[in-house]
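Chain and residue survey
Take a look at the letters that make up each chain.
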Amino acid sequence: AQVRDPRLRWAAGAMPVPGLALGGHIHISGAPLTARLLRLLDSCAAYPLALVEDPAGRGRRPRYGALGDFRLQPHGGFEYRTLPSWLVSPAAAKAAFALALLCAREALRMPRVPAAGERFAAAYYAGDRTELAGCLDDVASAVSATESYEPLARYIEPLFDAAARGATWDESADIRRKWRIPL
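The sections below set out a description of the structure shown in this document. Values in this document were obtained by computation on a predicted structure and should not be read as measured data.

1. Some words on the overall build of the protein
The secondary structure content of the protein amounts to six helices and three strands. Walking the protein from its N terminus toward its C terminus, one meets helices and strands in the order β-α-β-β-α-α-α-α-α. Here the C-alpha atoms of the protein give a radius of gyration of 16 Å, agreeing with the 16 Å that 2.2 N^0.38 yields for 183 residues. In terms of its C-alpha atoms, the protein occupies a principal-axis envelope of roughly 50 × 40 × 30 Å. In the protein, buried positions account for 47% of the 183 residues. Within the protein, contacts between residues at least 6 apart in sequence are counted, and of these 78% link residues at least 24 apart. Put simply, the protein shows about 9600 Å² of open surface, and 55% of that area lies on carbon and sulfur atoms. Computed over 23 positive and 19 negative side-chain charges, the separation of the two mean positions in the protein equals 6 Å.

As structure tokens, this is what we get:
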């Protein structure tokens, strides 16, 4: 059955309705769950997505969206639970998945975790975009230096470009428009 009530809005993001926190959990299998992988996911996926999320979404943290948040899964992998709902657009979804895949593939090969400083974690929780944006060049440099980057670049670069421009998504928008789902 289809929902055809025009009064309903399909919502995504971090907190599209006050008090309603949404997560963009990503399940990962085949990569060992390590503190290093979680820190890479925080630095390379959570920070860039936090830079483009609607400012209203900051209220989700720290109760939801805590850095390094995960849950073991019966499929043998784990669920990374820090990200906001990336369903706001196909571009956000592709970037979230591409960055998670890159981190999982490169966790043992990346020479360092970018944006590992406490100042960026503090900025993430405070919703301080100016301070958090200070990590973007370091994250982009570390990510683009990996073997996995080239085939994923077309999904990742639009997110980094939007973050560098200071663009944010609009959590009040009905996501059906971006996903080309008839209203």
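Back to the write-up after that little detour.
2. Comments concerning unusual backbone geometry
Note that the residue after R61, namely P62, is joined by a cis bond; omega there is 0 degrees. Unusually for a residue other than glycine, A115 sits at a positive phi of about 55 degrees. With respect to the secondary-structure elements, A115 resides in the loop between α2 (90-106) and α3 (118-126). You will see that R180, though not glycine, has its phi angle at about 55 degrees, which is positive. Assessed through its relative accessible area of 77%, R180 is described here as exposed.

3. Focus on the environment of A45
Looking at the element boundaries, A45 is found in helix α1 (residues 35-52). Excluding residues within four positions of it along the chain, A45 makes contact with L40, L83 and L99.

4. Some words on the nonpolar core
Among soluble globular proteins, nonpolar side chains are generally buried collectively. One finds L41, Y47, L83, L132, V143, I156 and F160 to be the most contacted residues of the largest nonpolar core, which totals 56 residues. Elements with a contribution of two residues or more to this core: β1 (26-28), α1, β3 (78-80), α2, α3, α5 (136-144) and α6 (149-165). Take this core: its biggest share by element is 12 residues, from α1. When sequence neighbours within four positions are dropped, the list of residues in contact with L132 reads Y47, A50, L51, F120, A123 and Y124.

5. Comments concerning α3
Listed as buried for α3 are F120, A121, A123 and Y124. Viewed along the axis of α3, the buried residues span an arc of 160 degrees, placing them on a single side of the element. If you follow the buried residues of α3, they end up packed against α1 and α4 (129-132). The first or second residue beyond α3 is G127, which carries a positive phi of 70 degrees.

Quick notes on the rules
Residues numbered from 1 in each chain as written. Predicted model: local features only at pLDDT ≥ 70, side-chain atom pairs only at ≥ 80, totals over all residues. Heavy atoms only, no water. Helix = DSSP H or I, 4+ residues; strand = E, 2+ residues; numbered from the N terminus. Rg over C-alpha atoms; globule rule 2.2 N^0.38 Å. Buried < 20%, exposed > 50% of the residue type's maximum accessible area, 1.4 Å probe, protein only. Contact = heavy atoms within 4.5 Å. Areas by Shrake-Rupley, 256 points an atom, 1.4 Å probe, with all protein chains shown as cover. Lys, Arg positive; Asp, Glu negative; His and termini not counted. Charge placed at Lys NZ, Arg CZ, Asp CG, Glu CD. Core = buried A, V, L, I, M, F, W, Y, C linked by side-chain atoms within 4.5 Å. Arc of directions from axis to C-beta.

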